[in-house]
Amino acid sequence: VKFQADLYWIKKAGVDPLGFVQKYPGRFCSYHVKDADMNLDQTTVGDGIIDFESILKENSKTGVEFVFVEDERTDTPIENVKNGYNHVKNLNY
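Bear in mind that the values here come from a model prediction, so they are computed numbers and not experimental data.

Conventions and cut-offs
Residues numbered from 1 in each chain as written. Predicted model: local features only at pLDDT ≥ 70, side-chain atom pairs only at ≥ 80, totals over all residues. Heavy atoms only, no water. Phe/Tyr/Trp six-rings, centres within 6.5 Å; stacked < 30°, edge-to-face > 60°. Buried < 20%, exposed > 50% of the residue type's maximum accessible area, 1.4 Å probe, protein only. Helix = DSSP H or I, 4+ residues; strand = E, 2+ residues; numbered from the N terminus. Contact = heavy atoms within 4.5 Å.

With respect to the packing of aromatic side chains
One pair of aromatic rings is described through two measures. These are the centre distance and the angle between the planes.
And then number 1: One pass over the structure, following the stated rule, counts five aromatic pairs.
And then number 2: With a centroid separation of 4.9 Å and 80 degrees between ring planes, the pair formed by Y8 and W9 is classed as edge-to-face.
And then number 3: Given a relative accessible area of 3%, Y8 falls into the buried group.
And then number 4: On the basis of an interplanar angle of 55 degrees and a centroid distance of 6.0 Å, the ring pair of F20 and F28 is categorised as tilted.
And then number 5: Given a relative accessible area of 22%, F20 falls into the partly exposed group.
And then number 6: Here the aromatic cluster, defined as three or more aromatic residues joined through ring pairs, consists of F3, F20, Y24, F28 and Y31.

Notes on the environment of N83
And then number 1: Summarising the element assignment, N83 is placed in helix α5 (residues 77-89).
And then number 2: A C-alpha to C-alpha distance of 22 Å links N83 and I10, two positions 73 residues apart in sequence.
And then number 3: Not counting residues within four places of it along the chain, the set of residues in contact with N83 comprises T44 and V45.

Now the structure itself:
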């Protein structure tokens with residue numbers, strides 16, 4: 001069984017996203033990439049506390065082929081996703 005993991009909601013549930021994906025290698029096809037601030041509210045990817053670089057470095061073990069940058073906030077959605085995409089694109093993984 002493989003599924004798409006939502007890294008924000010994993011963090012929001014009080015679970016370490018890196019530890020979670022390492023615990024289940026080969027079980028993921030993709031990630032929803034959203035970020036959390038210190039209060040665990042959503043923020044622009046790259047402005048929060050989730051260590052996406054470390055998580056994405058595990059892609060060969062976790063099985064992830066695709067990442068989907070997402071932002072559910074409605075204030076400036078296009079700008080938020082664009083900034084998040086640029087952050088992920090510039091990571092070293």
